[in-house]
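Inside the fold
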Amino acid sequence: MIGEEFPLVMARAQTGDEAAFARLWRDVNPLLLRYLTLSGEPAEDVAAETWTSIVRVLPRFAGNEVAWRAWVFATARRRAIDAGRRRARLAAVESRANEWRPDPCPGDAADEAIERIGTAEAVRLVAELPALQAEVVLLRFMAGLPVEDVARLLGRSPGAVRVATHRGLRRLAALLADQGVTHFGASAL
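Residues numbered from 1 in each chain as written. Predicted model: local features only at pLDDT ≥ 70, side-chain atom pairs only at ≥ 80, totals over all residues. Heavy atoms only, no water.

1. Let's talk about the overall build of the chain
Scanning the chain for helices and strands turns up 9 helices and 0 strands. Secondary structure elements of the chain occur, N-terminal to C-terminal, as α-α-α-α-α-α-α-α-α. Relative to its 189 residues, the chain shows a buried fraction of 35%. Put simply, of all contacts in the chain between residues at least 6 apart along the chain, 63% involve residues at least 24 apart. A total accessible area of about 11300 Å² is found for the chain, and carbon and sulfur atoms account for 56% of it. (Helix = DSSP H or I, 4+ residues; strand = E, 2+ residues; numbered from the N terminus. Buried < 20%, exposed > 50% of the residue type's maximum accessible area, 1.4 Å probe, protein only. Contact = heavy atoms within 4.5 Å. Areas by Shrake-Rupley, 256 points an atom, 1.4 Å probe, with all protein chains shown as cover.)

2. Comments concerning the confidence of the model for the chain
Mean pLDDT over the chain works out to 83, with 79% of the residues at or above the 70 mark. Of all the helices and strands in the chain, helix α5 (residues 109-114) carries the lowest mean pLDDT, 38, while helix α1 (residues 6-14) carries the highest, 97. Low pLDDT (under 50) marks residues 108-117, which in the prediction has 3 contacts with non-local residues, meaning those over four places away or in another chain. Scored below 50 in pLDDT, residues 184-189 shows 13 contacts in the model against residues more than four places distant or in partner chains. (pLDDT = per-residue confidence, 0-100.)

3. With respect to the environment of R12
Tracing the chain through its elements places R12 in helix α1. In terms of polar contacts, R12 uses its side chain to reach the side chain of D17, at 2.8 Å. (Polar contact = N/O pair within 3.5 Å; in protein donor to acceptor, adjacent residues only side chain to side chain.)

4. Concerning the layout of surface pockets
One simple way to see leftover space: roll a probe sized like a water molecule over the atoms. When its volume is computed, the second largest pocket comes out at roughly 290 Å³. The wall of the second largest pocket is formed by 17 residues, among which Y35, L38, S39, A131 and E135 lie closest to the centre. Looking at the lining of the second largest pocket, the elements that each hand over two or more residues are α2 (18-36), α4 (65-97), α6 (117-127) and α7 (131-142). The dominant element in the lining of the second largest pocket, judged by the number of residues it contributes, is α7, at 4 residues. Looking at the lining of the second largest pocket, its residues break down into 13 nonpolar, 1 polar and 3 charged. (1 Å grid on protein atoms, 1.4 Å probe; cavity = no way out; pocket = protein on both sides within 12 Å on 5 of 7 lines; lining within 4 Å. Points joined across faces, edges and corners; volume = space filled by probe spheres on them. Nonpolar A, V, L, I, M, F, W, Y, C, P; charged D, E, K, R; others polar.)

5. Brief notes about the pattern of salt bridges
Under the counting rule described, the total for this entry stands at 11 salt bridges. Between D27 and R69 there is a salt bridge whose closest N-O contact spans 2.9 Å. One end of the pair, D27, is in helix α2; the other, R69, is in helix α4, with 42 residues separating them in the sequence. Here D27 matches R69 in class, with each residue buried. For R77, the salt bridge identified is with E135, shortest N-O distance 2.7 Å. Separated by 58 residues along the polypeptide, R77 in helix α4 and E135 in helix α7 bring together distant segments of the chain. On the basis of relative accessible area, R77 is assigned to the partly exposed category, the value being 23%. Judged by its relative accessible area of 15%, E135 falls in the buried class. (Salt bridge = Lys/Arg side-chain N within 4 Å of Asp/Glu carboxyl O.)

6. Considerations on the packing of α7 against helix α9 (residues 158-178)
The geometry of α7 relative to α9 is characterised by a closest axis approach of 8 Å and an angle of 95 degrees between their N-to-C directions. By the angle class used here, α7 and α9 are roughly perpendicular. In this structure, α7 contributes L132, Q133, V136, V137, R140 and F141 to the contact, and α9 contributes V161, A164, T165, R167, G168, L169, R171 and L172. Considered class by class, the residues forming the contact of α7 with α9 number 8 nonpolar, 3 polar and 3 charged. (Axes fitted to C-alpha atoms, helices over the stretch in contact; angles between N-to-C directions. Parallel < 35°, antiparallel > 145°, perpendicular 65-115°, else oblique.)

7. Details of the nonpolar core
Membership of the largest hydrophobic core comes to 49 residues, with the highest contact counts inside it found for L24, L32, L36, W68, F73 and L139. Among the elements that line this core, the one with the most residues is α4, at 8 residues. In this structure, L24 is in contact with I2, F6, V9, M10, A13, W51 and W68, ignoring residues within four places of it in sequence. (Core = buried A, V, L, I, M, F, W, Y, C linked by side-chain atoms within 4.5 Å.)

Written out as structure tokens, the structure is:
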């Protein structure tokens, strides 16, 4: 998190200061990409659409750093849902138009090597949770959003978010215990 400097950085970014915007981007984008891996859509593509949407209305943003993060993740969630709908429509059209599809290209080995093993393992474990629990755990512990913001973002009550968080963390503890890990904290996520 940026901390006390956030209001100044945001004000400069809102007036077009590229260095200030880059600082905002560097602070949130790695977390955003990890969050978007759960969407089932290409995380980089959805993140790019998210940032494009944000840049258009950034001068009108008002709020603190937590509100900023909540806004970014809410925007990303909507872009991921849009991408899923778009993909589903295209898949229906393509399946009727063309039955043959070439094999997809394998992933870029350099990108895979760059991703840290610890983060990849944490995201893999979280992805094993039911969808709501996974999303809540990532938003609470990776994005650092408070319960109230997560509840608003997901259209759930704060109590439901707390319950989903508790159940998700208990399930993660069980998954880790199955692997021989006996203790973990939020920092492991």
